[in-house]
Amino acid sequence: MNTIGETTAQMQSAQVQYVRPVYRVREDKNSFFIDIELPGIKRECVSIALNKGQLNVVAKRTHQVPENWKKLRKESANHDYKLGLALNVEVNESKIAANLADGILTLELPKAEEVKPRRIDIN
Amino acid sequence: MKLIRYEYPTINDIDRLFGHTLPTLNRLGTVWDRLFDNYYHSTAPVTDLYEDDANYYVRVELPGVKREAVELSLENSVLTLGVKAQRTDESQALHYTVSRSISVPENVRQDTILAKLEEGVLMVTLPKAATTPSRVIEVK
């Protein structure tokens with residue numbers, strides 16, 4: 001079982017260096033929020049880029065266990081995290097905020113003025 | 001030496017398998033997540049086990065979990081991790097419980113176990129007790 005798993009991993013490693021993190025999207029009146037699960041990732045290892053509506057988040061896994069630790073069971077992946085999302089809404093790119101706490105990266109994408117719900121008064 | 005119980009593969013494992021090895025399926029991710037969202041939050045968290053000469057180490061990934069929500073207990077050589085968390089989403093309040101049990105080897109010193117939660121990763125250090133030399137019993 002192990003051998004098969006390792007062989008597959010080796011075969012794949014040439015093409016795949018990333019694992020897609022678990023994420024959730026929520027919204028309120030003014031913003032969209034994306035919560036991305038990045039356990040054990042340091043702040044300086046995360047890069048966030050938004051280019052033409054394509055949001056890319058890459059997180060480098062720097063966690064290393066000491067060499068003399070013998071692996072008894074390993075479930076976590078070795079690959080870095082990468083999440084690519086195509087945004088289909090207009091966001092205010094200059095006001096995007098990111099916060100990393102307790103292994104969760106929260107991105108706040110403020111909605112652009114033109115997509116916010118607007119109340120129209122009747123004269 | 002038996003350290004852990006055999007666990008049947010769960011839907012969680014399958015999900016992870018997809019995340020790892022099938023990049024072309026990435027675009028199905030959202031659908032996949034939604035489909036298994038409920039399962040995801042009630043199954044076992046990602047756990048690594050290590051040992052060195054002095055200790056056993058259990059590393060559990062618990063993103064978004066606060067220290068207060070973690071319950072660790074050791075009973076009859078079984079280490080049980082429980083997490084009760086409440087996500088503070090305005091749109092969807094998620095109550096979920098994570099739990100995982102690990103059979104701990106006999107030679108663990110139960111009084112000096114250390115646990116630390118940092119950046120969504122729980123690290124439990126289980127010190128090994130000095131091994132008692134095996135006694136040869138003479139048959140008369």
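1. As for the overall build of chain A
For step 1, the next point in the chain: Of regular secondary structure, chain A possesses one helix and nine strands.
For step 2, the next point in the chain: The buried share of chain A, taken over its 123 residues, is 37%.
For step 3, the next point in the chain: Once local pairs closer than 6 in sequence are excluded, the contacts in chain A between residues at least 24 apart make up 56%.

2. Focus on the sheet that holds strand β9 (residues 104-110) of chain A
Residue and element names in this part refer to chain A.
For step 1, the next point in the chain: With antiparallel pairing, the four strands of this open sheet are ordered in space as β2-β3-β9-β8. Looking at strand neighbours, the two that pair on one side only are β2 (23-27) and β8 (97-101), the edges of this open sheet. Each strand of the sheet is rotated relative to its neighbour by a mean of 15°, with strand direction disregarded.
For step 2, the next point in the chain: In terms of strand pairing, β8 meets β9 through five bridges, oriented antiparallel. Bridging from a neighbouring strand, A101 pairs with I104 of β9.

3. Regarding the confidence of the model for chain A
Note: predicted coordinates in regions of low pLDDT should not be interpreted at a detailed level.
For step 1, the next point in the chain: Taken over all residues, the pLDDT of chain A has a mean of 82, while the share at 70 or more is 87%.
For step 2, the next point in the chain: Contacts from residues 1-7 of chain A, a stretch scored under 50 in pLDDT, to residues over four places away or in other chains number zero contacts.

4. Focus on the environment of B:E118
For step 1, the next point in the chain: In this fold, B:E118 is placed in strand β6 (residues 114-118).
For step 2, the next point in the chain: Each C-alpha atom, one on B:E118 and one on B:V65, is 9.8 Å from the other, the two residues being 53 residues apart in sequence.

5. Thoughts on unusual backbone geometry
Trans peptide bonds make up the majority, and among non-glycine residues the majority have a negative phi.
For step 1, the next point in the chain: For A:K52, which is not glycine, the phi torsion reads 50° and is therefore positive.
For step 2, the next point in the chain: Here A:K52 is to be found in the loop between β4 (46-51) and β5 (54-59).
For step 3, the next point in the chain: For B:E119, which is not glycine, the phi torsion reads 50° and is therefore positive.
For step 4, the next point in the chain: Mapped onto the elements, B:E119 comes out in the loop between β6 and β7 (121-127).

6. Comments concerning the nonpolar core
For step 1, the next point in the chain: Core analysis: the biggest nonpolar cluster contains 20 residues, and A:I34, A:I36, A:L38, A:I41, A:V46 and A:V57 have the highest contact counts within it.
For step 2, the next point in the chain: The set of elements that each furnish at least two residues to this core consists of β3 (31-37), β5, β7 (80-86) and β9 of chain A.
For step 3, the next point in the chain: Sequence-distant contacts of A:I36, defined by excluding residues within four places in its chain, comprise A:P21, A:V22, A:Y23, A:V57, A:L83, A:G103, A:I104, A:L105 and A:L107.
For step 4, the next point in the chain: Core analysis: the next-biggest nonpolar cluster, separate from the first, contains 17 residues, B:V60, B:V70, B:L79 and B:V124 among them.

7. Comments concerning the packing of aromatic side chains
For step 1, the next point in the chain: Going through the model one piece at a time under the given rule, you end up with two aromatic pairs over all chains.
For step 2, the next point in the chain: Ring centres 5.6 Å apart and planes at 50° place the aromatic pair A:W69 and B:Y50 in the tilted group. Remark: B:Y50 occurs in strand β1 (residues 47-51) and A:W69 occurs in the loop between β5 and β6 (70-73); the pair is interchain, linking two chains.
For step 3, the next point in the chain: A:W69 gets classed as buried once you look at its relative accessible area, which sits at 14%.
For step 4, the next point in the chain: A connected cluster of aromatic rings, assembled from ring pairs, spans A:W69, B:Y50 and B:Y57.
For step 5, the next point in the chain: Just above the ring of A:F32 sits the side chain of A:K111; from NZ or CZ to the centre is 4.9 Å.
For step 6, the next point in the chain: Above the ring of B:Y56, the side-chain terminus of B:K128 is found at 4.7 Å from the ring centroid.

8. Here's the deal with the confidence of the model for chain B
Residue and element names in this part refer to chain B.
For step 1, the next point in the chain: Per-residue confidence for chain B gives a mean pLDDT of 70; residues scoring 70 or more make up 56%.
For step 2, the next point in the chain: Note that residues 9-42 has pLDDT below 50 and, in this model, 38 contacts with residues that lie over four places away or in other chains.
For step 3, the next point in the chain: Contacts from residues 90-94, a stretch scored under 50 in pLDDT, to residues over four places away or in other chains number nine contacts.

9. Observations regarding the pairing of β7(B)
All names here are of chain B.
For step 1, the next point in the chain: Counting buried residues in β7 gives seven out of seven residues, a clear majority hidden from the surface.
For step 2, the next point in the chain: Here β7 shows a buried face lined by V121, M123, T125 and P127 and a second buried face lined by L122, V124 and L126.
For step 3, the next point in the chain: Sheet analysis places strand β2 (residues 55-61) next to β7, joined by seven bridges and oriented antiparallel. Bridge assignment links N55 to a residue of β7, and that residue is P127.

10. Overview of the pattern of salt bridges
Residues and elements named next belong to chain A.
For step 1, the next point in the chain: On inspection of all chains with the given rule, the structure shows 13 salt bridges over all chains.
For step 2, the next point in the chain: When the shortest N-O distance is used, the salt bridge between D80 and K60 registers 3.9 Å. Of the two residues, D80 is situated in strand β7 and K60 in the loop between β5 and β6; the sequence distance between them amounts to 20 residues.
For step 3, the next point in the chain: The exposure class assigned to D80 is buried, which follows from its relative accessible area of 17%.
For step 4, the next point in the chain: Owing to a relative accessible area of 44%, K60 belongs among the partly exposed residues under this scheme.
For step 5, the next point in the chain: Between E75 and R73 there is a salt bridge, with its nearest N and O atoms 2.8 Å apart.
For step 6, the next point in the chain: The class of R73 is partly exposed, set by a relative accessible area of 24%.

The rules behind these values
- Residues numbered from 1 in each chain as written.
- Chains lettered and ligands numbered in written order.
- Predicted model: local features only at pLDDT ≥ 70, side-chain atom pairs only at ≥ 80, totals over all residues.
- Heavy atoms only, no water.
- Helix = DSSP H or I, 4+ residues; strand = E, 2+ residues; numbered from the N terminus.
- Buried < 20%, exposed > 50% of the residue type's maximum accessible area, 1.4 Å probe, protein only.
- Contact = heavy atoms within 4.5 Å.
- Pairing = 2+ DSSP bridges.
- Axes fitted to C-alpha atoms, helices over the stretch in contact; angles between N-to-C directions.
- pLDDT = per-residue confidence, 0-100.
- Core = buried A, V, L, I, M, F, W, Y, C linked by side-chain atoms within 4.5 Å.
- Phe/Tyr/Trp six-rings, centres within 6.5 Å; stacked < 30°, edge-to-face > 60°.
- Lys NZ or Arg CZ within 6 Å of the ring centre and 35° of its normal.
- Salt bridge = Lys/Arg side-chain N within 4 Å of Asp/Glu carboxyl O.

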